[in-house]
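Each chain, written out:
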Amino acid sequence: MPLLLYLPSLRFSRGALWWSVAAPWMALAQTPPADPSPTSDTPLPTITVQGTAPMMRSRERQPDPTRPITTVGPQTLDRRQPDNVFQLLDEVPGVGVNGGPRASGMSFNIRGYTDHEDVAVKVDGIAKGFEKYRFGGTFIEPDLIKSIEVRRGASIENAGALGGTVSATTKDGSDLLRPGQRVGGRVRASWGSNNDERHSFTALYGLAGDNVDWLAAHSQRAGRDLMLPGGQRLDLSATDADSSLLKARWFPNDEWQVSASYMRFADQGLQAYDATAGVPGSFGQVVRRIEDDTLSLRTQWQDAERANRWQLTVGQSHTQVHDHMAKGQSIFSMAYAVDDAFRYQNNTVDSQGTWRLMKGPASQVDLHLGLQWGQQQRTVHRLIDSPNTDSIYPGGFNGAQPPGRKDTLGVYLQPDWRWGQLQMLPGLRWDQVRVHAQGKTVSELSQAGQASSVTYERTTPSLHLAYELVPQRWTVFTQWGQAFRPPLIDEAFTQGGFGRCVDSLLRGSGSSLLPGYTDASQVGPSSRICGDLYQPETSRSVEWGLSTRQPQFLGDGFKLKHSLSAKLTFFRNRTDHLLESILAQSGGSGLIVQDGWERRHGTELEAVLDIGPAFSSLAASRIRGDAFDGRQAQPLTTAPADSLHWSLGWRWRAVEAMVRWQHVRSRLTIVDNSNTVGTQAGYHLLGMSLRWNVSPHLNLNLSGDNLRNASYHLSNGFGDGLGTEAPGRNVRVALTAIY
C-alpha cells in the first residue's frame, strides 16, 4: 500500500490539533514586512529561508581543522528525521552506540569508552548524568535539537570525560522564522513503517519587539514493537514518549545575549528491565516511567571587536525513573512485587571566557579561562509488597543502589599564542572531586572504620600545537593531554555482591584464587564497600594529524562553486588504574591494588565535498587496543568496529535527494561467561532521504534506514557480549505545514 495512504490514520495530541487550527489565523494576523530582508540593526542571528527557495548549501559538517570535534547540524537532523539522537552518530568517526534498540538502553561509545561517566552529555550547557544497572540514561528528543557537537577524547574544558563530550543545543525561535515574520508556527505529522510509529511535532515561535525571540514546541511519539529483519516483533520495544521545549533569548545590545530554556522528556510503558540488551532475559520485565527535565540559563558577552568574550551557564537537570516489577516478573521480584525509584539531580555553574592580552602585526596572545562547579545528588528507594519491607529495606535503603552526593570544582587556564602560521596552546587544569555517602551507607562505613566521604584532587596539563603549512589551506596539528576520572557515587559506595569489595571478588575463590590466598582469607573491608580504597582512573593521550580546506580546488575556470574540506587524525591513549581491576595484591600481602589498564590507538578520517548542486561526505575510523583487568591481558573489546560512512546528494531548487551507505566491519566481543573473545559479524547498511519544499507552507520529507533489511546485531549485550538483533527496514514519511 502506498505510504501516503497511512498518513490519514495519524493520531495527534490535542495540542497538535489546536495548533493546526490556530496557527493559520496567527499567520494571517502577522504584519506583512515592507522589506523581506532582515534589518541591519537587528542583533538576532540570520534567519533561515524556508519555502520554495533553493535548498541551502550544507556547511554544518565541516571538520574542525585542528581539534577532534564534529558537529551534526540542522540540515542533517531535518533530512534524517531520526527517532533518537543516537541514529545521527554513524556519520561521526570513532563514535558508536552501545545497547538498544530502545533509546533508553543506548549509550555513547567514543573511541572505546563506553561507560556513562567516561562520556559527558550536556544539553544547552547543563550536565546530564544518570546511572542505573543495565540502563542507558540519555533522553534527548531530536526534533527539539538544533545541533549536536561530539568532541572525541578528553579536553581541558570538560573534567572527567576520558572518552569525550556530547553537547546538544536546542532550537531557537529565529531558526524557524522566515524573513520578515514576527510570529510563525508549524505542525509536522510523520509515520514510520517499521513499528507503525506515529509522530507529531508542533511549534509556535516569534519575535517580541526587535531584541527577543521565543519558541514553544512539543513532540509526541507512539509506536508498536520494533520489527526485526526476519519479520518478527521484538517484545517490549514499543514507544510512548513525549517532549516539550520552551526557550527565549534576549539581545539587549550588540554585545550581550541572555537565554533561558526548559526541556522536558517523558516515557512510559512495559519494558525489559535490561534496557541495554533490549530483551527481557532473566531480568524480566518492568512497568517503567521516565521523566527528565533540563533548565538552562545563559549569559553571553562579546566586545565590539569580538576579541574578548565571556559566558556564564547556570542550570539544573532532574531525571526520575520508576520501575514496578510485579511478583514473578523479574529475578528481583520472585517473592514480592518490587518498586524502585531513582532520582538524579545535577546542578551546573560554568563560567568561561577569552581575553585578548596582546595583538601585534604578526602575532597575538589570548587567554582562555574557566571556573566550573557541579553537584550531583543521587536518591534511590526500594519498596517491596511485604510486611517485612522495613526490615529488609529500612527506609527504602538498598545497599546495592546507594544514595549519595558528588561535588566537583574545576579551574583551567590556557594561553593561546599565535605567531605567523604557528599556534600554541599550553593548558593547566585543577580539579577537586568529593563523593559523599548518604543514608544507611554512612553508618555501615563508620562501623567498619571507613570514611563516609572521599576527596580526589588532580592538576592535569595539556598542550596543543598547530602550524599552517600553506596559510588557510594545509595545517598540521598535534595535542597532548592528561585527565582523570574518580569513581561515581554508586561505584564508590555500592555494598555487597553488586560492588567489587567483597572477599570472593578481591582475592578470587576456588580455581580463580590469587596466589597467596585461600577461600578463608579476609582482604576486603567488613562493610563490603570500596569507598576510599579506589584510586581514580588516569588517562594520557596524544593526537596528531593533517587537515586541508580547498575552496575552488578545480581552478577558477570551473564555473560551479565548489570546495573540499578534509582531516586525517591519528591518536594514542593509555588509561591506568581501571576501577573494575581492583584486587588484592598477589602474594598474600592483603594490599588492595588497581593495576588494570587499557591501550588504544586509532585513525579517523573526515571529508566534506561540495560541487555546485552536488554534495558528499565521508567518515571512516579504525581503532585497535589491548586491556588488562588485573589478572590477564586480552584485546580491547569495547572499541567500535572499523567503519566507513559515505553519502552523496543533489540539490535542486525545491528538492534535495541523498543516499547513504555504511560499511561496518566485524568487531571483537565477549562470546561466553568465561570472557572468551570472539567475533561479531560486520554488515552493510543503505539509507536515503528526500526533501521537497512543495510550497512556502508545505514540506514533504521521505527517509529510510536499513533499506536492504540487513540482519545484524547491536553491541553490548549482557556481559559485554553480543547485543540483540537490530531493527529491520524503516521508511519514514513526514508532512510539515508552515504558517
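In this text, all values refer to a predicted model and were calculated from it rather than measured experimentally. (Residues numbered from 1 in each chain as written. Predicted model: local features only at pLDDT ≥ 70, side-chain atom pairs only at ≥ 80, totals over all residues. Heavy atoms only, no water.)

### Thoughts on the side chain of Ser527
By the element assignment, Ser527 lies in the loop between helix 7 (503-506) and strand 21 (537-551). Overall, the relative accessible area of 2% leaves Ser527 in the buried class. (Helix = DSSP H or I, 4+ residues; strand = E, 2+ residues; numbered from the N terminus. Buried < 20%, exposed > 50% of the residue type's maximum accessible area, 1.4 Å probe, protein only.)

### Some thoughts on helix 5 (residues 440-447)
Three or four residues apart is the spacing at which side chains of an α-helix point the same way, because the helix has 3.6 residues per turn. For helix 5, every residue scored as buried is listed here: Thr441, Glu444 and Leu445. Taken end-on, helix 5 shows its buried residues confined to a sector of 95°, consistent with a single buried face. Exposed and facing more than 90 degrees away from the buried side of helix 5 are Ser446 and Gln447. Where helix 5 is buried, its residues touch strand 18 (422-437) and helix 6 (489-493). The first or second residue beyond helix 5 is Gly449, which carries a positive phi of 75°. (Arc of directions from axis to C-beta. Contact = heavy atoms within 4.5 Å.)

### Brief notes about the sheet that holds strand 5 (residues 126-127)
With respect to topology, 5 strands assemble into an open sheet ordered 1-6-7-4-5, the strand pairing being mixed. Of all the strands in the sheet, just strand 1 (69-72) and strand 5 have a single pairing partner and so form its edges. (Pairing = 2+ DSSP bridges.)

### Some words on the pattern of salt bridges
Using the criterion set out here, one finds 51 salt bridges in the structure. Among the ionic pairs, Asp416 bridges to Arg418, the shortest N-O distance being 3.5 Å. The salt bridge partner of Arg574 is Asp576, with a shortest N-O separation of 2.9 Å. What emerges from the salt-bridge pattern is a single network uniting Asp83, Glu141, Glu197, Arg221, Arg660, Asp705 and Arg732. (Salt bridge = Lys/Arg side-chain N within 4 Å of Asp/Glu carboxyl O.)

### Comments concerning the confidence of the model for the protein
When pLDDT is averaged along the protein, the result is 90, and 91% of the positions lie at 70 or above. Looking across the protein, the model is least confident in helix 1 (residues 14-29), with a mean pLDDT of 36, and most confident in strand 18, with 98. Across residues 1-54, where pLDDT falls below 50, the model places 79 contacts with residues more than four positions away in sequence or in other chains. (pLDDT = per-residue confidence, 0-100.)

### Description of unusual backbone geometry
Note the cis peptide between Gly100 and Pro101, where omega equals 15°. Structurally, Pro101 can be placed in the loop between strand 2 (95-98) and strand 3 (107-110). With phi around 55°, Asp196 is a residue other than glycine that occupies positive phi space. Among the residues examined, Asp196 registers a relative accessible area of 21% and is labelled partly exposed.

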